[in-house]
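# Survey of secondary and tertiary structure
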Amino acid sequence: MPTVSDEKTNEQLRQLPAINQILESGSAQKTALELGEETAVKFARIALDELRSEILSGAAADSRGGLLALAIEKFERVAGSERRSGLRRAINATGVIIHTNLGRAPLSENAVNALVENASGYCNLEFDLETGKRGRRGRRAENLLAELTGAEDALIVNNCAAAAILVLTALAKGGEAVVSRGELVEIGGDFRVPDVMAQSGAIMKEVGTTNRTKLADYEHEITFNTALLVKVHPSNYRIVGFTSVPTVKEMADLAHENGIRLYEDAGSGALVDLSEFGLTDEPLIKRSIADGADVVTFSGDKLLGSAQAGLIVGKKDAIEILRKHPFYRALRASKIIYAVLEATLESFKRGKHFDEIPVLRMISTSESELEKRVTGLAAKLNEISSLSAAVIEGRSVIGGGSAPMAQPASKVLALTHEKLSVNELEEKLRLSDPPVITRIEEDKVLIDLRTVSNAEVDVLLEVFAQLD
Ligand SMILES: *Cc1c(COP(=O)(O)O)cnc(C)c1O
């Protein structure tokens, strides 16, 4: 004999909406316009399948709008999830400045304009406007880099990992590359120094110990087959206490006395001194070059605050070998990268980097300025009845493997919501449009305005208004 719940199930199954009914909804029409009819039909099928299995398991909620409203709601969730899987702008309220998962460095306004103006259409990428003949791609960006670092020449590839592979392959393949055991690190995202060495075909010679490596350790390892001394910045890893490594100058002198080169992978690589902001152990590229490093590599989208790129600076003869190597053709950057880099490097040239480049502006923002901004936001958020916002002491993070010991003091917003748990609040913010990414600490949702621009604060307020 059928039970009451069986009857309800059968009744619900009979009332299951037809695909066309879902497709007539505003959401489905919008999806059809944006992504095509076929995609809308696919999403409608998924929504209906989900609804059917919920009915069969007795889990379909009664909805005021009936099963059609439930199906449309499911359709919207499927469409939303598809949209969120693509690249979308996000508000980074985490206070992690170079947030690798959130796209590392935001571009400067000048860089964005240059990208649109100079590189989104045809441009003189490999065309010399003076002569009307073929020109060299990236020449101006390379010249600016060389000028800013005091290097003889520069070369640009897709990222710093590519730069390291190119340098090791072109300058040390088949020969020995000597590196300290304290620098055989993993940077994250699968960049492991020993693996990169192996891929390049250089024969890695490890010297010293994890915490101490002396100049004599390198000296003893140099043979007729040694091609490079290698120095790697440990980035997001630090050994503290009883430690020592030779200076770049000592290593460069040793390399040159033996007729070989010194290669330094500086990682984040600061173009300007950032020690007044607590970033005391990031290699200053200019100094490494002045101290005699033959080749230095670093990232375009870490402390330099530009697009993802691998920047290589150094001696003319070494850079020329890299430029002529077949790998360079495979690793070369696009016109978009050159446009963004040129505009960012110009900010350094005119001495306006702390004003114009977002990463450097965020690093140099004072705690008192943050307090002023965050107090203003707290007052506005407390006007929303279900939210409670307090200003508390916090710490921002440089991120991106840069300066792990520097954690600039900040004043951050600690949020709780009357009806939502902190996890629910974090999720709602993350799924909002645009997504707002926060962090949770001590049962509060934290918002650090160090990584949020003033324009974004207005957007934040709109997102919060919709939460209520
Ligand atoms: C970050 C980093 C890299 C990798 O740079 P990408 O630009 O992300 O490829 C390589 N070496 C060091 C020392 C780094 O810090």
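Everything below is about the structure printed above this text.
Everything numeric in this text was worked out from a predicted model, so none of it was measured. Position numbers for residues count from 1 along each chain, tracking the sequence in the order it is written. Per-residue local features are limited, in this predicted model, to residues with pLDDT of at least 70; the limit for side-chain atom pairs, both in listing and counting, is 80 or more; totals at the level of whole chains, interfaces and linings are taken over all residues. Calculation of side-chain values draws on the structure's entire complement of heavy atoms; hydrogens and water are dropped beforehand.

Attention now goes to the side chain of H325. The topology assignment puts H325 in the loop between α13 (316-324) and α14 (326-331). There is a polar contact of 3.0 Å between the side chain of H325 and the backbone nitrogen of F327. The residues touching H325, leaving out its near neighbours within four places in the chain, are L166, T169 and A170. Numbering of helices and strands runs from the N terminus; a helix is a DSSP stretch of H or I covering at least four residues, while a strand is a stretch of E covering at least two. Two N or O atoms count as a polar contact when they lie within 3.5 Å, although within protein this holds only if one can serve as hydrogen donor and the other as acceptor, and sequence-adjacent residues are included solely when both atoms are side-chain atoms. Residue contacts are counted whenever heavy atoms from the two residues lie within 4.5 Å of one another.

In this section: the sheet that holds strand β16 (residues 439-441). On the basis of which strands lie adjacent, the open sheet formed by 4 strands has the order β12-β14-β17-β16 and antiparallel pairing. Every interior strand has two partners, whereas the edge strands, β12 (387-395) and β16, have only one. Taking each pair of neighbouring strands and ignoring which way they run, the sheet shows an average axis angle of 40°. Here the rule is simple: two strands pair whenever DSSP picks up at least two bridges between them. The pairing of strand β14 (residues 409-417) with strand β17 (residues 444-447) spans 3 bridges and is classified as antiparallel. Residue pairing across strands places A414 opposite L446, the latter belonging to β17. The strands touched by helix α18 (residues 367-382) within the sheet are β12 and β14, with β14 carrying the most contacts at an inclination of about 15°. Only the stretch in contact is used when a helix axis is fitted, and all axes are lines through C-alpha atoms; the angle between N-to-C directions ranges over 0 to 180 degrees.

Close contact between helix α3 (residues 26-35) and helix α4 (residues 37-56) brings their axes to 6 Å; oriented N to C, the two are set at 140°. Regarding the angle of α3 to α4, the classification is oblique. From α3, A28, T31, A32 and L35 reach across to α4, where they touch E37, T39, A40 and F43. Residue polarity follows a fixed list, in which Ala, Val, Leu, Ile, Met, Phe, Trp, Tyr, Cys and Pro are nonpolar, Asp, Glu, Lys and Arg are charged, and the others, Gly among them, are polar. For the contact of α3 with α4, the class distribution of residues is 5 nonpolar, 2 polar and 1 charged. Working rule for angles: under 35 degrees goes down as roughly parallel, over 145 as roughly antiparallel, 65 to 115 as roughly perpendicular, anything else as oblique.

Quick look at helix α7 (residues 139-149) now. Among the residues making up α7, those that are buried are A141, E142, L144, L145, A146, L148 and T149. Following α7 by one or two positions, G150 adopts a phi angle in the positive range, close to 75°. Burial classification: accessible surface area is computed with a 1.4 Å probe over protein chains only, and a residue below 20% of its type maximum counts as buried, one above 50% as exposed, and the rest as partly exposed.

Take unusual backbone geometry next. The omega angle of the peptide bond from D433 to P434 is 0°, so this bond is cis rather than trans. Along the chain, P434 turns up in the loop between α19 (422-430) and β15 (436-437). Located in the positive-phi region is S235, a residue other than glycine, with phi close to 50°. We note that D443 has phi near 60°; this positive angle belongs to a residue other than glycine. Relative to the assigned elements, D443 resides in the loop between β16 and β17. D443 gets classed as exposed once you look at its relative accessible area, which sits at 56%.

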